[in-house]
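Coordinate analysis (summary)
As a plain string of letters, each chain reads:
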Amino acid sequence: MDESVPRFAMPDELPILPLRDMVVFPYMVLPLFVARERSIAAVDDALAGDRLLLLTAQRDGEIEDPGPDDLHRVGTVVTVMRVLRMADGRVKVLVQGAARARIDSFVEQDASTWARVSALSEETPADWCVEAEALVRAVRNRVEELLPLKNLPPEVLSVTGSANDPGQLADLVASNLKLRVEESQEVLEIADPIQRLRKIDALLRRELDVTTVQAEIQSQAHDEMTRSQREHFLREQLRAIQAELGEGDGRLEEADDYRSKLEDACLPEEAMIEATKQLRRLERMHPDGPEAHVVRTYLDWMTELPWGHTSDDQLELEAAKAILDEDHAHLSGIKDRILEYLGVRKLRGDSRGPILCFSGPPGVGKTSLGRSIARAMGREFVRISLGGVRDEAEIRGHRRTYVGALPGRIIQGLKQAGTNNPVFMLDEIDKLGADYRGDPSSSLLEVLDPEQNDRFSDHYLNVPFDLSRVLFIATANVLDTIPGPLRDRMEVIRIAGYTPEEKAVIARNYLIPNQLEEHGLGEEHLHWSRGSVIDLVTEYTQEAGVRGLERRVAAVCRKTARRVAEGNANRVTVNSRTLERLLGPPPYVSEKPEGPGEVGLVNGLAWTESGGEVLTLEAMLTPGEGLVLTGQIGDVMKESGQAALTWARGRGDELGFDSATFGRHEVHVHVPAGAIPKDGPSAGVAIATAILSLATRIVVKPDVAMTGEVTLRGRVLPVGGVREKAMAALRAGITTVVIPRKNESDLRDLPREVKKKITFVPVDHMNDVLEVALDRAPVPRTKRRRTRARPQRTTVAQAKSRQQV
């Protein structure tokens with residue numbers, strides 16, 4: 001019988017049932033679970049007709065509602081033998097493959113998908129040929145070899161043994177081989193039976209090779225496990241033999257070594273109990289086990305930490321003062337605090353270490369000062385950077401249950417120092433973060449609390465460690481981002497910026513000698529005149545610290561070093577003209593106020609992370625009403641400006657202007673540097689002065705700057721950062737600074753140079769501010785009326801004289 005001709009009359013149109021991740025071959029009998037609505041409709045259409053369906057595989061099994069382009073064009077026509085509708089809405093269909101078919105086109109139907117199909121004709125093989133017989137036998141033999149390796153059902157042998165037709169044999173083997181969808185579809189689309197059987201033979205050879213290698217790998221793993229068990233048994237026997245002969249055991253030697261290290265480490269009683277417990281566990285473990293490695297790492301940490309190793313302090317105050325002065329100029333407040341601590345240590349040896357926090361703008365020497373303090377005290381110095389740290393385990397460590405667990409940075413720093421009383425610097429403590437892994441700042445509460453840190457518990461060690469001898473020094477640019485409880489545990493020492501004269505001293509005594517040595521230069525190569533250092537400070541830098549100044553000095557040294565390396569050994573003398581030739585034109589021209597002032601133009605003082613700044617506020621009246629503040633102003637500053645405007649509106653008669661002016665005009669106050677966010681109440685005085693200058697048309701003095709918060713009744717309240725603001729005023733050439741009277745105590749910490757060049761005027765009320773800031777005093781409106789009315793009043797004598805004239 002011709003196998004290429006179907007045993008049934010194939011209709012021209014058939015409903016299509018798309019299949020996910022499978023291909024159905026002719027002669028297959030299998031159940032299908034149908035859940036999609038269009039697929040169930042296709043089954044219903046088949047039952048309503050001649051019970052024939054076309055099964056075709058989807059190109060992508062993830063597509064829920066496949067279209068024509070998502071289906072393969074060759075599929076299998078099947079006969080629906082049985083249908084069972086299930087309680088959950090699905091349909092179980094038992095089908096039998098009949099013949100291959102090709103989709104010629106799709107027919108639009110509402111409920112299901114139909115297609116015009118044509119039978120995929122197969123070439124009829126000859127009655128008998130050598131190649132076909134050889135392929136049939138080879139395929140049967142390989143199926144028999146693959147049967148035990150792939151756990152195929154035994155019925156496969158009987159089915160393949162009874163199939164003599166090459167095409168039928170190829171389809172039966174392909175349906176039982178569990179091929180990938182792409183490979184199954186490739187076999188289905190081959191019309192030639194011999195070629196199809198040849199493809200199946202190649203796939204069987206591949207599967208046989210892969211399965212053989214897989215079986216070899218499993219056998220090797222089993223042999224390796226057996227070998228490991230045998231090795232363990234032999235090692236145990238060897239240990240018993242060594243014990244009988246009295247010979248040493250490696251594990252006993254390791255335990256004795258750890259025991260001697262623990263005795264030398266001077267551990268506290270609680271730590272010794274935990275370490276001994278872990279050592280006993282190690283003795284009972286297999287030396288190559290993973291848990292043994294964890295215990296060894298823990299014992300290494302316990303034996304290497306400086307539990308009882310304390311370095312001797314340098315208690316000679318004069319020598320310590322000399323070292324501090326040698327490394328840093330000025331900063332007398334911090335130096336005095338360190339010398340006071342050394343004095344207490346000299347009188348009482350068991351005093352606790354202070355917990356300091358150096359707060360100031362970048363570049364003023366906070367970090368280098370910590371290293372200098374350690375050198376002056378004769379202690380080790382450890383520094384950890386806390387910027388960007390968000391994981392609590394960075395401070396407290398990980399528990400030993402985690403793979404790769406380690407102690408936190410505090411314990412790691414003490415191991416690095418080798419003593420239990422180093423100078424420990426917590427750099428950038430204001431930049432700590434927090435996320436789902438915990439809050440590191442909360443972990444520092446125990447570290448920086450003198451009442452708790454003598455029993456600091458690291459999660460990894462799980463025993464207390466005494467931190468009371470450590471001198472902790474934290475550094476920060478701002479204090480606002482540090483949580484209140486943490487800030488309360490530290491003694492804050494503020495470091496403001498340097499004056500130009502102080503920077504010149506630092507440059508001459510520290511920066512220039514260091515950079516000359518760094519660049520391999522000497523006095524015979526480069527000489528700085530006294531005026532050139534002042535020019536470099538004032539015209540080429542504008543900062544609170546000295547980092548930018550050091551970079552400028554380094555730039556001059558680099559250019560000189562290149563000149564010397566090229567063979568020009570003439571000495572370079574740095575003066576104003578040399579600076580401009582080496583560094584270019586000065587980027588910061590003199591900011592000293594020149595010329596007359598303007599109406600509505602006021603110098604305000606602000607505080608930033610980088611120190612103080614002078615902000616020039618501009619105010620203008622335009623048609624409209626209300627108050628507009630521009631320049632990236634924060635909510636607090638906006639409220640301060642509104643309070644200033646309200647106070648000004650209520651003082652029209654007193655200050656000589658019509659209060660209705662603000663009802664007819666809009667007040668626009670702009671703060672330059674609009675790209676920088678600004679906030680805070682300290683600009684209230686400056687905003688009120690600018691508004692009143694507009695209303696009275698009186699010029700504001702250009703050499704006056706001011707700071708302070710203003711209330712609705714005109715009172716001037718205290719603000720922060722007065723020292724930094726005074727430094728900024730000095731750099732800008734301001735000669736008079738108006739401050740709240742309650743900030744008068746902050747003037748005591750100012751350098752004498754600042755007090756000498758700037759006149760500070762403490763005020764209590766806005767009236768006092770106007771007396772200092774305005775070019776002339778405003779005239780009240782009542783006095784103006786009287787002045788205008790006087791010419792109209794005449795005496796009797798004057799009237800008679802006029803009549804006579």
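Bear in mind that the values here come from a model prediction, so they are computed numbers and not experimental data.

1. So, the overall build of the protein
- Counting its secondary structure elements, the protein contains 29 helices and 24 strands.
- Scored against the burial criterion, the 805 residues of the protein give a buried share of 45%.
- Taking as baseline every contact in the protein between residues at least 6 positions apart, the subset at least 24 positions apart corresponds to 73%.
- About 41900 Å² of surface is accessible on the protein, with carbon and sulfur atoms providing 48% of the total.

2. Digging into the packing of aromatic side chains
- What the rule picks out here adds up to four aromatic pairs.
- Where Phe657 meets Phe662, the ring centres are 5.7 Å apart and the plane angle is 85 degrees; that geometry is what we call edge-to-face.
- Geometry around Trp301 places Lys415 over its ring, the cationic atom sitting 4.0 Å from the centre.

3. What to know about the packing of helix α10 (residues 317-327) against helix α11 (residues 332-347)
- Orientation of α10 relative to α11, taken along the N-to-C sense of each, is 155 degrees, at an axis distance of 10 Å. In terms of axis orientation, α10 runs roughly antiparallel to α11. Like other packed secondary-structure pairs, α10 and α11 cross with a definite hand, here right-handed. Mapping the contact onto sequence places Leu317, Ala320, Lys321, Leu324 and Asp325 in α10 and Lys335, Ile338, Leu339, Leu342 and Gly343 in α11.
- Residue composition of the contact of α10 with α11, by class: six nonpolar, one polar and three charged.

4. Overview of the nonpolar core
- Ranked by size, the top nonpolar core spans 51 residues in total, and within it Leu426 and Ile429 carry the most contacts.
- If you tally residues by element for this core, the top one is helix α9 (residues 290-304), at six residues.
- Apart from residues lying up to four places away in sequence, Leu426 is in contact with Ile384, Leu386, Ile410, Leu444, Leu448, Phe472, Ile473, Ala474 and Thr475.
- Within the second largest apolar cluster, 50 residues are counted, among which are Ile495, Tyr498, Tyr510 and Leu579.

5. Points about the sheet that holds strand β12 (residues 471-476)
- The strand order across the open sheet built from five strands is β8-β9-β12-β7-β13, with neighbouring strands paired in parallel fashion. Each edge of the open sheet is held by one strand with a lone partner, namely β8 (381-385) and β13 (491-494). With direction set aside, neighbouring strand axes in the sheet form an average angle of 20 degrees.
- In the sheet, strand β9 (residues 423-427) pairs with β12 via four bridges, with the strands oriented parallel. In the sheet register, Leu426 faces β12, and the bridge partner there is Ala474.

6. A few points about unusual backbone geometry
- The phi torsion at Tyr27 lies on the positive side, around 75 degrees, for a residue other than glycine.
- By the element assignment, Tyr27 lies in the loop between β1 (13-19) and β2 (29-34).
- Of note, the phi angle at Arg697 is positive, near 60 degrees, even though the residue is not glycine.
- Residue position: Arg697 is located in the loop between α24 (684-696) and β20 (704-706).
- Take Arg697: its relative accessible area is 54%, and that puts it in the exposed class.

7. Notes on the pairing of strand β18 (residues 626-630)
- Here β18 shows a buried face lined by Leu627 and Leu629 and an unburied face lined by Gly626, Val628 and Thr630.
- Bridging between β18 and strand β19 (residues 665-670) involves five bridges; their strand directions are parallel. Bridge pairing links Leu627 to Val667 in β19.

8. Some points on the side chain of Glu183
- In this fold, Glu183 is placed in helix α5 (residues 181-188).
- Not counting chain neighbours up to four residues away, the residues in contact with Glu183 comprise Leu203 and Arg206.

9. Focus: the packing of α10 against helix α12 (residues 366-377)
- Close contact between α10 and α12 brings their axes to 8 Å; oriented N to C, the two are set at 155 degrees. Looking at the two axes, α10 sits roughly antiparallel to α12. Viewed along their axes, α10 and α12 form a crossing whose handedness is right-handed. Only Ser372, Ile373, Arg375 and Ala376 of α12 make contact with α10, whose side of the interface consists of Ala320, Ile323, Leu324, Glu326 and Asp327.

10. Observations regarding the confidence of the model for the protein
- When pLDDT is averaged across the protein, the result is 82; 89% of the residues are at 70 or more.
- At the low end of the mean pLDDT range in the protein sits helix α29 (residues 796-804), at 44; at the high end sits strand β23 (residues 736-740), at 93.
- For residues 1-6, every residue scores under 50 in pLDDT, and the model assigns this stretch seven contacts once sequence neighbours within four places are set aside.
- For the stretch residues 788-805, pLDDT sits under 50, and the model shows two contacts to residues farther than four places along the chain or on other chains.

11. Details of the side chain of Ser532
- Here Ser532 is to be found in helix α18 (residues 530-539).
- Residue classification places Ser532 among the buried positions, given a relative accessible area of 1%.
- If we skip the residues at most four places from it in the chain, Ser532 touches Val574, Asn575 and Leu579.

12. Here's the deal with the environment of Asp427
- Among the structural elements, Asp427 can be located in strand β9.
- With relative accessibility at 4%, the residue Asp427 sits in the buried group.
- For the pair Asp427 and Leu386, spaced 41 residues apart in sequence, the C-alpha to C-alpha distance is 5.9 Å.
- Among all residues touching Asp427, those that are not within four sequence positions of it are Thr367, Arg383, Ile384, Ser385, Leu386, Gly387 and Thr475.
- Polar side-chain contacts of Asp427 include one of 3.2 Å to the side chain of Thr367.

13. Digging into the pattern of salt bridges
- This structure, assessed with the given rule, holds 37 salt bridges.
- A salt bridge links Glu183 to Arg180; the shortest N-O distance between them is 2.8 Å.
- Glu183 gets classed as buried once you look at its relative accessible area, which sits at 9%.
- In this structure, Arg409 engages Glu394 in a salt bridge whose closest nitrogen and oxygen atoms are separated by 2.9 Å. Linking Arg409 in helix α14 (residues 409-417) with Glu394 in helix α13 (residues 393-396), this pair joins segments that are 15 residues apart in sequence.
- Overlapping salt bridges, with partners in common, bring together Arg180, Glu183, Arg206 and Glu207 in one network.

14. Description of α11
- Helix length check: α11, at 16 residues, gives a terminal C-alpha distance of 23 Å against a target of 22 Å (1.5 Å per residue), a fit within 8%.
- Among the residues of α11, those classed as buried are Ile334, Lys335, Arg337, Ile338, Leu339, Tyr341, Leu342, Gly343 and Arg345.
- Buried residues along α11 sit in contact with α10, β7 (355-359), α12 and β13.

15. Here we look at the environment of Val614
- Among the secondary structure elements, Val614 is positioned in strand β17 (residues 611-623).
- We classify Val614 as partly exposed; its relative accessible area is 23%.
- In this structure the C-alpha to C-alpha distance between Val614 and Ala728, which are 114 residues apart in sequence, comes to 6.2 Å.
- Beyond its immediate stretch of four places on either side in the chain, Val614 contacts Asn603, Gly604, Leu605, Ala728, Ala729 and Ala732.

16. Here we look at the environment of Ala376
- Tracing the chain through its elements places Ala376 in helix α12.
- Along the sequence, Ala376 and Leu342 sit 34 residues apart, while their C-alpha atoms lie 9.9 Å from each other.
- Not counting residues within four places of it along the chain, the set of residues in contact with Ala376 comprises Gln314, Ala320, Ile323 and Leu324.

The rules behind the values
Residues numbered from 1 in each chain as written. Predicted model: local features only at pLDDT ≥ 70, side-chain atom pairs only at ≥ 80, totals over all residues. Heavy atoms only, no water. Helix = DSSP H or I, 4+ residues; strand = E, 2+ residues; numbered from the N terminus. Buried < 20%, exposed > 50% of the residue type's maximum accessible area, 1.4 Å probe, protein only. Contact = heavy atoms within 4.5 Å. Areas by Shrake-Rupley, 256 points an atom, 1.4 Å probe, with all protein chains shown as cover. Phe/Tyr/Trp six-rings, centres within 6.5 Å; stacked < 30°, edge-to-face > 60°. Lys NZ or Arg CZ within 6 Å of the ring centre and 35° of its normal. Axes fitted to C-alpha atoms, helices over the stretch in contact; angles between N-to-C directions. Parallel < 35°, antiparallel > 145°, perpendicular 65-115°, else oblique. Left-handed = near helix turned anticlockwise from the far one by under 90°. Nonpolar A, V, L, I, M, F, W, Y, C, P; charged D, E, K, R; others polar. Core = buried A, V, L, I, M, F, W, Y, C linked by side-chain atoms within 4.5 Å. Pairing = 2+ DSSP bridges. pLDDT = per-residue confidence, 0-100. Polar contact = N/O pair within 3.5 Å; in protein donor to acceptor, adjacent residues only side chain to side chain. Salt bridge = Lys/Arg side-chain N within 4 Å of Asp/Glu carboxyl O. Expected span 1.5 Å × (residues − 1).

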